[in-house]
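# Observations on chain architecture
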Amino acid sequence: MADHNHSHFQHLYLVLAGIPGLEQKHHWMAFPLGALYVIALFGNGVIISTIKSDLSLHVPMYYFLCMLALADVGLALCTMPSMLGIFWFNYKSIDFDACLIQMYFIHTFSAIESGVLVAMAFDRVVAIWKPLRYSAILTNGVVCRTGAVILTRAVCVVFPVPFLIKRLPFYGSTLLSHSFCLHQDVMRLACASTHVNSLYGLIAVIFTKGLDSLSILLSYVFILRTVMAIASGEGRLKALNTCVSHTCAVLIFYVPLIGVSVIHRFGRHLSPLTHVLMANAYLLVPPVLNPIVYTVKTKEIRRKIIQIFVQTKITEGG
């Protein structure tokens with residue numbers, strides 16, 4: 001009976017990891033890390049406020065960009081408390097239930113971002129394939145329903161994950177591999193078979209990131225075929241130029257994601273530093289770089305940032 005009770009004991013707290021080998025220099029890394037979060041929150045906030053306030057941007061392409069920015073803000077806010085807690089205050093403990101909540105929201109916002117990238121790819125397909133019927137096909141109702149489907153899918157697919165983790169016994173190591181909670185990392189600490197968790201995790205990834213990446217790939221195949229049918233070289237270049245920002249956003253999201261997945265599956269012999277850096281890149285790079293990419297490519301957003309900068313200077317001067 002004692003063994004049975006002991007086998008279902010769970011630690012109240014788990015221990016998050018900083019950067020292995022650089023523990024004494026965490027305080028130096030707090031400033032660039034804080035700067036990255038400021039860039040992510042400020043940049044995505046500017047995109048959201050610009051699209052909301054500028055009526056000329058109330059079109060499907062920018063509605064989807066606003067959804068992408070909201071997902072990036074969500075990802076940044078999910079990881080910020082634990083990351084800054086470690087590097088600013090050297091606080092590494094996290095309550096087990098809080099870890100599960102953080103894990104749920106990280107994977108949910110990641111799935112939302114993946115779904116939004118698919119919607120943006122479809123938006124580019126319609127814009128290039130049927131430019132004259134663009135507004136008729138992608139109405140506000142279609143955009144709203146698309147956003148609702150993306151949100152519902154992410155919430156429902158990730159919902160069972162914390163409960164599957166919660167049923168497992170944890171009475172061994174409490175040390176996680178990252179500065180935040182991921183499903184694969186928490187599952188690794190369980191002292192029982194995790195086949196069900198692994199199977200469901202694989203199904204969830206295939207149903208979200210797998211199908212999404214395939215859909216984006218097929219969309220670009222269709223886009224390239226359509227563009228190649230355009231007679232003039234200038235017309236081809238102009239059509240492809242409308243896809244540059246989205247292509248960058250896809251690469252920014254999927255390259256670190258694929259890297260993390262490969263390392264978790266096949267890179268157990270690699271140093272802990274490699275695992276940590278790849279996981280941080282997976283969750284920090286998209287929220288930081290997406291606003292920069294879309295700011296460079298969108299003059300309305302650039303103008304908004306310049307206005308904010310000028311107003312700040314005027315306020316300081318006054």
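- As recorded in an unreviewed UniProt entry, the protein chain goes by the name Olfactory receptor 51H1-like, listed as coming from Camelus bactrianus.
- Per its UniProt entry, the protein chain bears the Subcellular location (unreviewed entry) comment "Membrane".

### Focus on the state of the cysteines
- Under the criterion given, the structure shown has one disulfide.
- What pairs with Cys99 in a disulfide is Cys181, and their sulfur atoms sit 2.0 Å apart. Measuring the twist about the S-S bond at about -120°, one finds the Cys99-Cys181 disulfide to be left-handed. Here the residue Cys99 occupies a position in helix 4 (residues 96–129), and Cys181 occupies one in the loop between helix 7 (160–166) and helix 8 (183–188), the gap between them amounting to 82 residues.
- Given the relative accessible area of 0%, Cys181 is considered buried.
- We note that Cys78 lacks a disulfide partner, and the nearest cysteine sulfur, in Cys181, lies 11 Å from it.
- As a non-bridged cysteine, Cys191 has Cys99 as the owner of its nearest cysteine sulfur, 15 Å distant.

### Details of helix 9 (residues 195–228)
- Here helix 9 contains 34 residues, and its C-alpha end-to-end distance of 47 Å stays within 8% of the 50 Å for a straight helix at 1.5 Å per residue.
- The largest bend along helix 9 reaches roughly 35° and is located at Ile206.
- Buried residues of helix 9: Asn197, Gly201, Ala204, Thr208, Lys209, Asp212, Ile216, Ser219, Tyr220, Ile223, Thr226 and Val227, and no others.

### Things to note about the packing of helix 4 against helix 6 (residues 140–158)
- Running from N to C, helix 4 and helix 6 cross one another at 145°; their axes reach a closest spacing of 9 Å. The handedness of the crossing between helix 4 and helix 6 comes out as right-handed. For the pair helix 4 and helix 6, contact is made by Tyr104, His107, Thr108, Ala111, Ile112, Gly115, Val116 and Ala119 and by Thr146, Ile150, Leu151, Arg153, Ala154, Val155 and Val158, respectively.
- Class assignment of the residues belonging to the contact of helix 4 with helix 6 gives a composition of 10 nonpolar, four polar and one charged.

### Quick word on unusual backbone geometry
- With a phi close to 55°, Asn90 is a non-glycine residue in the positive phi region.
- With respect to the element layout, Asn90 can be found in the loop between helix 3 (60–89) and strand 2 (93–95).

### What about the environment of Pro160?
- Along the chain, Pro160 falls in helix 7.
- Look at Pro160 and you get partly exposed, because its relative accessible area is 26%.
- Residues Pro160 and Gly201, 41 residues apart in the sequence, show an inter-C-alpha distance of 9.8 Å.

### Here's the deal with the nonpolar core
- Ranked by size, the top nonpolar core spans 77 residues in total, and within it Leu65, Leu117 and Ile165 carry the most contacts.
- Apart from residues no more than four positions distant in its own chain, Leu65 is found in contact with Ile47, Ile51, Met120, Tyr294 and Ile301.

### Describing the pattern of salt bridges
- This structure, assessed with the given rule, holds four salt bridges.
- With a shortest N-O distance of 2.7 Å, Asp123 and Arg124 are connected by a salt bridge. In this structure, Asp123 and Arg124 share a single accessibility class: buried.
- Residue Asp185 pairs with Arg188 through a salt bridge whose shortest N-O separation is 3.1 Å. With Asp185 and Arg188 both in helix 8, this residue pair falls three residues apart, about one helical turn.
- Overall, Arg188 belongs to the partly exposed group, its relative accessible area being 47%.

About the cut-offs
Residues numbered from 1 in each chain as written. Predicted model: local features only at pLDDT ≥ 70, side-chain atom pairs only at ≥ 80, totals over all residues. Heavy atoms only, no water. UniProt positions renumbered as here; feature names shortened; annotations may be inferred. Disulfide = S-S within 2.5 Å. Helix = DSSP H or I, 4+ residues; strand = E, 2+ residues; numbered from the N terminus. Buried < 20%, exposed > 50% of the residue type's maximum accessible area, 1.4 Å probe, protein only. Expected span 1.5 Å × (residues − 1). Bend = angle between axes of the 7 residues up to and from the residue. Axes fitted to C-alpha atoms, helices over the stretch in contact; angles between N-to-C directions. Left-handed = near helix turned anticlockwise from the far one by under 90°. Contact = heavy atoms within 4.5 Å. Nonpolar A, V, L, I, M, F, W, Y, C, P; charged D, E, K, R; others polar. Core = buried A, V, L, I, M, F, W, Y, C linked by side-chain atoms within 4.5 Å. Salt bridge = Lys/Arg side-chain N within 4 Å of Asp/Glu carboxyl O.

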